[in-house]
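Coordinates in review
Chain by chain, the residues:
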Amino acid sequence: MSESGSAWGWPSSTTALLGKGWRAGTERLDAVILRFATRKHRLIGTALLRVVIGFATILYCLSDYSKRRFLWGPESYNSISTARSALPRWGFSLFLWGHSTVWFEIVFHAVILVSAGFMIFGGRVLTLAQAVLMWSLHNRNQDVLEGGDNLAQILILFMVFTVSNAYFAVGAKRRRARMRELEQPTTSTVLHNLAAFLIVFQTAVLYFAAGYWKITGKVWQDGVAMYYISRITGFQMSATYTHLMSNAFLTTATSYLTIFIELALPFAILSARSWIRKANTLALEGMHLGIMTCMGLVCFGLLMIGADCTCLRDEDYRSIARRYRSVKDRLVQRSRPLLPTRGMTSVAMAADRDGAAGA
């Protein structure tokens, strides 16, 4: 074999180039694995999801608090035997463990208290308790669910393995400082990152499937889906929304925009450009704010907004915070009245002299 050749018959320059590319690839993979194992990611997004799930569960309970026994109690129109027969294969509910009104009141108020603790404090123990009680509440009466419960039930299980109280929780600052001191490969860090990325993956798959389902439907292809949605009588539909969707151009634009932002989410998450992720996430959150205000599906909209929050990286939130502070500082400077500093200084000096003379 010639010195310029290789075992595969390739020129030595090609072999060297392939070797260099292989080494660069393995080094980059090692760096990614090390970063995955030493630093927890998407802490802000998971913290926001925690707050939203806790708040939405409390709101869900309190919105029908006076009707709680009729909707979820042992004497509910949806009897315990009927609810048991409607349970999914691996479903359960603490509400179905007894026919006592006292037991129902204990479990129901435990849902509210644990949700408040979960929202304020977080932590894996409270996350697990929140998962058990939230599943129990949802499975007691599935007739009154709004739709976001399926996603919430999945995400709360992933959240058990995350550090969801690094932000917006009691002791969060101290917790972040401790994490910065212990930046080394740990099983806890790997579990957190894996669970956080599974949350994002589940959210992305949900949106992509919803967008694909829409794009295959004729009413969405024709751009009239929003018109028909505005005519549904099963929701607390806003009269303003119904009136706006009577406009053909606005209906078509809204229908196509909904499909676009849902299909684009997986690609936006993978994008290296942060503004694409921010714009897509903001559009999705705006869509769900519209659902909350126009259709009355408040808990559904909140839960979906919480899931949307996990799609942004921690760096994205920090850049948004920096931009917010910059804009706020500029607005404060512009709104602050211009003080005649030199004149005020002279007056102040004169007042000081008069005060000294009077003394």
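Right, let's walk through the structure included here. Sequence order as written defines the numbering, with residues in each chain counted from 1. Selection of residues for local features in this predicted model requires a pLDDT of at least 70, selection of side-chain atom pairs for listing and counting requires 80 or more, and totals for whole chains, interfaces and linings are taken over all residues. Think of the side-chain values as coming from all heavy atoms in the structure, minus any hydrogens and water.

**A word on the overall build of the chain**
Where we set the bar: Labels follow the DSSP assignment, with helices taken as runs of H or I lasting at least four residues and strands as runs of E lasting at least two, numbered in each case from the N terminus. Only protein chains enter the area calculation, which uses a 1.4 Å probe; residues under 20% of their type maximum are buried, those over 50% are exposed, and those in between are partly exposed. In what follows, a contact means two residues having at least one pair of non-hydrogen atoms within 4.5 Å. Each accessible area is a Shrake-Rupley result for a 1.4 Å probe, and residues are judged covered by the shown protein chains and nothing else.
Each helix and strand in the chain was counted, giving 17 helices and zero strands. Every one of the 359 residues in the chain was classed for burial, and the buried ones make up 41%. Contacts in the chain between residues at least 24 apart in sequence constitute 74% of all its contacts with a sequence separation of at least 6. Looking at the chain as shown, the accessible area adds up to about 21200 Å², and 66% of this sits on carbon and sulfur atoms.

**Looking at the environment of Leu49**
For Leu49, the position within the fold is in helix α2 (residues 43-63). Considered as a pair, Leu49 and Met159 are 110 residues apart in the sequence and their alpha carbons are 9.1 Å apart. Those residues in contact with Leu49 that lie beyond four places of it in its chain are Leu155, Met159, Ile199, Gly306, Ala307 and Thr310.

**Topic: empty space enclosed by the protein**
One way to see where empty space is left: roll a probe the size of a water molecule over the atoms. Here is the rule: Whether a set of points on the 1 Å grid over the protein atoms alone is a cavity depends on a 1.4 Å probe fitting there but being unable to get out, while an open set qualifies as a pocket with protein on both sides within 12 Å along at least five of seven lines; lining residues are those with an atom within 4 Å of a point. Grid points are joined across faces, edges and corners, and a volume is the space filled by probe spheres set on the points. Put simply, Ala, Val, Leu, Ile, Met, Phe, Trp, Tyr, Cys and Pro go in the nonpolar bin, Asp, Glu, Lys and Arg in the charged bin, and everything else, Gly too, in the polar bin.
Enumeration according to the criterion identifies three cavities of 30 Å³ or more in this entry. Considered as a void within the structure, the largest cavity measures approximately 120 Å³ in volume. Residue classes in the lining of the largest cavity are distributed as eight nonpolar, four polar and two charged.

**Quick look at the state of the cysteines**
So the rule is basically this: Cysteine sulfur atoms are paired as a disulfide whenever they fall within 2.5 Å.
As enumerated under the stated definition, the model contains zero disulfides in all. With no disulfide of its own, Cys61 lies closest to Cys299 among cysteine sulfurs, the gap being 8.8 Å. Judged by its relative accessible area of 0%, Cys61 is buried.

**Brief notes about the environment of Tyr256**
Mapped onto the secondary structure, Tyr256 falls in helix α13 (residues 248-270). With 45 residues separating them along the chain, Tyr256 and Gly211 place their C-alpha atoms 10.0 Å apart. Excluding residues within four positions of it along the chain, Tyr256 makes contact with Trp220, Gln221, Asp222 and Gly223.

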